[in-house]
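# Examination of the molecular architecture
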Amino acid sequence: MKAVLRTVTIVLVIASSACFALDSVPKAEYRQRRVALAAKLNGGVAILFAAEEPVLDFMPYRQDEDFYYLSGWNEPGAAIALIPAVAAVAETPGTALGGRAEQAYREILFLPSRNPRTEKYTGPKMDAATSGAAATTGFDEVLPMTEMPAVLNKLISGDRTRLRNIWTEKGSAQATAALGFLGATLGTSSAEPSGDVAQPLTLLRAIKSPAEIELIRKASDASIAAQLAGMRAIKPGVGERTVAGIEIAKMMEDGCERPSYAPIVGSGPNSTTLHYSDNSRVMQSGDTVVIDAAGEYSMYASDITRTMPVNGHFTPRQREIYEIVLGAQRAAAAAFVAGKSKINDPQRKQADSLDQVAFAYVNAHGKDLHGQPLGQYMVHGLGHLVGIDVHDPWDYSKPLDKGMVFTIEPGIYIPEEKIGIRIEDVFYVDADGKLVDLIAQLPHEAPDIEAAMRQ
Ligand SMILES: [Mn+2]
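### As for the overall build of the chain
- For the chain, the helix and strand inventory stands at 13 helices and 17 strands.
- Projecting the C-alpha coordinates of the chain onto the three principal axes gives extents of approximately 85 × 70 × 40 Å.
- Once local pairs closer than 6 in sequence are excluded, the contacts in the chain between residues at least 24 apart make up 68%.

Spelled out as structure tokens, the structure:
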């Protein structure tokens, strides 16, 4: 009997977790984000649409990133409307200025009608009539998508200034269609989006909450395990693609839903191609191999690169370059000052950019075969923000600050010597402004890399 009860319990747990295959941050946090966005809309209205469901093209569903950030909702065909609180304005007698009624903060999740035929292919979905929809989604209001035009029409006819103050996602076909229809029902040619909602969202998304850091940490831990599994598989005669597959298998075993980008396993001459992803070569003794591979955990990315000697031992020249790259990464991390340092600097002239610090370090250490400094072989920027996107949006002319998560990934690529070396860790800036390396557990020093390959 006890055994039977236990079976029933397990079945219930699986059934309830099946709705949310992803770890969620607390529902209240998503609402805080919506309230924060609403406060940046100058009294306008934000309308965002979920990513459409890929039907029968065999690609897995991934939610639109801004939509996910605001909702944690991972189903297609939905929309969000956010209406900020605004004070009432009295009509001005004798002028054309109309009055405006008081508006309390309002947030609506519109869910599409269910499609029994599509559900046969991609599984059951929730709609607004599903019992407990508001509690499950954490939205104040959940309405059927069919009501969206009427709701928006009513909102805008109550305050016509909103007709020119609508924030949507730039280039969204759904937004263009909805605004055209809305304009027609309001008796005007069209409602024009006045703001790109991605702009205020970029600023909000850049500062991670502790719950988001935790998801990036889980993505990073699974990716560290994947990189270690990859290191152990590297040998002369093994295909690059084999190692890529081993890493993908390990990160997925450890809870990632997918790699956060196409894994790069570039050996020998391929190590000098920055985004090599063919992974079709057989590794040879004497090569270095650059492995840039990491997974995504509950929609949050990690991003890790290590460089290994294929036969397990760096040559003196490979090790010399390796140590310069590692030194550059450490110099950049040591120079970090929250609120001041920028990550990139395309001209490498700004003293407050970590890119310039790494570049100066590389130029001051080692030479190429012609006696020239090595800075010329640093052909990409030093890093980028990481979050729901492995390259989270950001204005790189701005400094890095508390709560931000980013990579420091110097690389030296010398095609003439067939040596490419990159080392990449993900860091976050804690509440004290201190830099924390989320990839600290993965070996950095050349002898530690060699030892990890032997395990
Ligand atoms: Mn990267």
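Once the structure has been displayed, the description carries forward.
### Details of the environment of Thr273
- With respect to the helices, strands and loops of the structure, Thr273 is situated in the loop between strand S8 (264–267) and strand S9 (288–292).
- Residue classification places Thr273 among the partly exposed positions, given that 15 C-beta atoms sit within 10 Å.
- For the pair Thr273 and Val290, spaced 17 residues apart in sequence, the C-alpha to C-alpha distance is 9.5 Å.

### Comments concerning unusual backbone geometry
- Notably, Ser298 is not glycine yet its phi reads approximately 50°, a positive angle.
- Along the chain, Ser298 turns up in the loop between strand S10 (295–297) and strand S11 (300–301).
- Even without a glycine there, the phi angle at Met299 is positive, about 80°.
- Relative to the helices and strands, Met299 resides in the loop between S10 and S11.

### Things to note about the sheet that holds strand S12 (residues 305–309)
- Strand order across the open sheet formed by three strands is S8-S9-S12, with antiparallel pairing between neighbours. On the outer flanks of this sheet lie S8 and S12, each paired with one strand and no other. Strand-to-strand twist of the sheet, defined as the mean angle between neighbouring strand axes without regard to direction, takes the value 15°.
- Bridge analysis of S8 against S9 gives four bridges, and the strand direction is antiparallel. When the sheet's bridge partners are listed, Ile264 is paired in S9 with Asp292.

### A word on the pairing of S12
- Buried residues dominate S12, accounting for five of its five residues.
- The two faces of S12 match: Thr305, Thr307 and Pro309 on one face and Arg306 and Met308 on the other face are all buried.

### Describing the sheet that holds strand S7 (residues 258–259)
- Pairing within the open sheet is antiparallel, and its three strands lie in the order S7-S10-S11. Strand pairing shows two members of the sheet lacking a second neighbour, S7 and S11, which therefore form its edges.
- Sheet topology note: the S7/S10 ladder contains two bridges and is antiparallel. Bridge assignment links Pro259 to a residue of S10, and that residue is Gly295.
- Sitting on the sheet, helix H9 (residues 210–233) touches S10 and S11, and the angle it makes with S10 is about 145°.

### Notes on the nonpolar core
- Counting 112 residues, the largest nonpolar core has Ala358 and Ile412 as the members making the most contacts within it.
- With eight residues, the top contributor of residues to this core is H9.
- Residues from two domains meet in this core; each of domain 1 (18–205) and domain 2 (207–454) gives at least three.
- Discounting chain neighbours no more than four positions away, the residues touching Ala358 are Ala328, Ala331, Ala332, Leu382 and Pro410.

Reading the values: the criteria
- For every chain, the first residue of the written sequence is number 1, and numbering continues from 1 onward in sequence order.
- Selection of residues for local features in this predicted model requires a pLDDT of at least 70, selection of side-chain atom pairs for listing and counting requires 80 or more, and totals for whole chains, interfaces and linings are taken over all residues.
- Helix and strand labels come from DSSP, where a helix needs a run of H or I of at least four residues and a strand needs a run of E of at least two; each type is numbered from the N terminus.
- Residues are scored as being in contact if the C-beta atoms we place from backbone atoms lie within 7 Å.
- We call a residue exposed when 12 or fewer other C-beta atoms sit within 10 Å of its C-beta, buried when the count reaches 20 or more, and partly exposed for counts in between; the C-beta positions come from the backbone.
- When DSSP finds two or more bridges between a pair of strands, those strands are recorded as paired.
- Structural elements are reduced to axes, namely lines fitted to C-alpha atoms, with helices fitted over the stretch in contact, and the angle between N-to-C directions of any two is expressed from 0 to 180 degrees.
- Note on definitions: a nonpolar core is a set of buried residues drawn from Ala, Val, Leu, Ile, Met, Phe, Trp, Tyr and Cys, linked by C-beta atoms within 7 Å.
- Domain ranges listed in this record stem from an automatic or a database domain assignment.

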